[in-house]
Amino acid sequence: AIAATNALNDVFAMGGTPLLALSIAAFPEELPMEMLAAIFAAADAQVRAAGGLLAGGHTIRDAEPKYGLAVVGTVHPKGIWPKNGARLGDSLFLTKPLGTGLIMSAHKRGEVGSQQLERAIRWMRTLNNGAADVLRGLEPSAVTDVAGFGLFGHAHEVAERSGVRLRLESGRFPAIDGALDAARQGVRTSGDPRNRDFAGPHVSHDGIPDTLEALGYDPQTAGGLLVAIPSERGPALEAEFASRKLFIRRVGAVEEGSGVVVE
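Here's a quick rundown of the structure. (Residues numbered from 1 in each chain as written. Predicted model: local features only at pLDDT ≥ 70, side-chain atom pairs only at ≥ 80, totals over all residues. Heavy atoms only, no water.)

What follows is about the overall build of the protein. In terms of helices and strands, the protein carries ten helices and ten strands. Seen along its three principal axes, the alpha-carbon backbone of the protein occupies a region of about 55 × 45 × 35 Å. Taken over 263 residues, the protein has a buried fraction of 49%. The contacts of the protein with a sequence gap of at least 6 include a subset with a gap of at least 24, amounting to 88%. About 12100 Å² of surface is accessible on the protein, with carbon and sulfur atoms providing 52% of the total. Positive and negative side-chain charges in the protein, numbering 26 and 30 respectively, have mean positions lying 4 Å apart. (Helix = DSSP H or I, 4+ residues; strand = E, 2+ residues; numbered from the N terminus. Buried < 20%, exposed > 50% of the residue type's maximum accessible area, 1.4 Å probe, protein only. Contact = heavy atoms within 4.5 Å. Areas by Shrake-Rupley, 256 points an atom, 1.4 Å probe, with all protein chains shown as cover. Lys, Arg positive; Asp, Glu negative; His and termini not counted. Charge placed at Lys NZ, Arg CZ, Asp CG, Glu CD.)

Judged by side-chain polarity, Leu 19, Leu 20, Leu 53 and Val 72 come together as a nonpolar surface patch covering roughly 330 Å² of accessible area. Here Val 72 shows up in strand β3 (residues 66–74). (Patch = residues over 30% accessible without salt bridge, like charges linked within 9 Å, V, L, I, M, F, W, Y side chains within 5 Å. Salt bridge = Lys/Arg side-chain N within 4 Å of Asp/Glu carboxyl O.)

This paragraph deals with the packing of helix α6 (residues 150–162) against helix α8 (residues 191–199). Where α6 contacts α8, the axes come no closer than 9 Å and their chain directions differ by 25°. If you check the angle between α6 and α8, you find them roughly parallel. Here the hand of the crossing between α6 and α8 comes out left-handed. Only Asn 195, Phe 198 and Ala 199 of α8 make contact with α6, whose side of the interface consists of Gly 150, Phe 152, Gly 153, His 156 and Glu 157. Of the residues in the contact of α6 with α8, the class split is three nonpolar, four polar and one charged. (Axes fitted to C-alpha atoms, helices over the stretch in contact; angles between N-to-C directions. Parallel < 35°, antiparallel > 145°, perpendicular 65-115°, else oblique. Left-handed = near helix turned anticlockwise from the far one by under 90°. Nonpolar A, V, L, I, M, F, W, Y, C, P; charged D, E, K, R; others polar.)

Further remarks concern the packing of aromatic side chains. Tallying each qualifying case throughout the model produces six aromatic pairs. An angle of 25° between the planes, with centres 4.5 Å apart, marks the rings of Phe 149 and Phe 198 as stacked. Placement of Phe 149 in the loop between β5 (142–145) and α6 and of Phe 198 in helix α8 is noted, with a sequence separation of 49 residues between them. One aromatic cluster is present, built from ring pairs that chain together Phe 27, Phe 40 and Tyr 67. (Phe/Tyr/Trp six-rings, centres within 6.5 Å; stacked < 30°, edge-to-face > 60°.)

Applying the stated criterion across every chain yields a total of 16 salt bridges. Ionic pairing is found between Arg 196 and Asp 192, a salt bridge with its closest N-O pair at 2.5 Å. Residue Arg 196 and its partner Asp 192 are located together in helix α8, separated by four residues, close to a single helical turn. Overall, the relative accessible area of 24% leaves Arg 196 in the partly exposed class. Glu 213 is the partner of Arg 196 in a salt bridge, and the nearest nitrogen-oxygen pair spans 2.5 Å.

Glancing now at the sheet that holds strand β10 (residues 259–262). Ordered by their spatial adjacency, seven strands build an open sheet running β5-β8-β4-β9-β6-β10-β7, and the pairing between neighbours is mixed. The sheet is open, and its two borders are formed by β5 and β7 (203–204), each paired with just one other strand. Sheet analysis places β5 next to strand β8 (residues 225–230), joined by four bridges and oriented antiparallel. Bridging from a neighbouring strand, Val 143 pairs with Val 227 of β8. (Pairing = 2+ DSSP bridges.)

We now examine unusual backbone geometry. Of note, the phi angle at Glu 139 is positive, near 50°, even though the residue is not glycine. Relative accessible area serves as the criterion here: at 56%, Glu 139 is assigned to the exposed category. We note that Lys 245 has phi near 60°; this positive angle belongs to a residue other than glycine. Within the secondary structure, Lys 245 is located in the loop between α10 (234–243) and β9 (249–255).

Ranked by internal contacts, the top residues of the largest apolar core, which has 40 residues, are Leu 151, Phe 152, Leu 166, Leu 168, Val 260 and Val 262. For this core, the leading source of residues is α6, giving five residues. In this structure Phe 152 touches Leu 168, Phe 173, Ala 199, Val 203, His 205, Ile 208, Leu 212, Glu 213, Gly 216, Tyr 217 and Val 262, once residues within four positions along its chain are discounted. (Core = buried A, V, L, I, M, F, W, Y, C linked by side-chain atoms within 4.5 Å.)

With that out of the way, let us pick up the side chain of Thr 211. Examined against the element boundaries, Thr 211 turns out to sit in helix α9 (residues 210–217). The residues contacting Thr 211, other than those within four sequence positions of it, are Leu 180, Ala 183 and Arg 184.

This part is about the packing of α8 against α9. Two elements in contact, α8 and α9, have axes whose closest approach is 9 Å; the angle formed by their N-to-C orientations is 85°. In terms of orientation, α8 and α9 fall into the roughly perpendicular class. Contacts between α8 and α9 involve Asp 192, Asn 195, Arg 196 and Ala 199 on the former and, on the latter, Glu 213, Ala 214 and Tyr 217. Partitioned by chemical class, the residues of the contact of α8 with α9 number three nonpolar, one polar and three charged.

Structure representation (structure tokens):
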């Protein structure tokens, strides 16, 4: 279900609606059939919840189990949400808390409990369709999903492609319960150094706590949306999310300049 959510959310991040999905799977022959059936059933349920149809796919033998989806969606040409559309004066919002990578790694090391893991899994299984439905009525300037590059990496992409600077308020970073504790204990994912290599030269974060720095570089699985929207629409955005009981947090603003500044 998490793998399916991750793939489906890519379509929502562009303003689209999933129509058709194909499974891409690799399983060892000794894997029990009941487990295979459960994987496919969970993916099918998630695709249907997103409004699409799981129409088949490709399966091969492999020693390590792997599962993902190729998703085809539709979006009106005038309704595409680009990464390069952030404009001066826009406000920046996140639609999910951060920290899935930190919690998964900490759980493997026995440093967080099952409750924190279950919260992270619940967020990773949450589709971005509800957030996308709200955004369609408010015409955001730029949208991207926060995934493997982490918040800082995806913020860098938006800033570079839009020709602006993104200023992020670290004190407003939302974190899944347990993620900051894991960061304080020195937990880091294997993706952390790669994200620092990719985004670090473009991100200024002097003076912020190491825990929040780690949260910003933490690679996310099925993360939320990073949204740039004209500031005057921000209150309406927050009010609509609240009315639908959806998570949202303002985390910064768009200004003149380049790169990402975290304060």
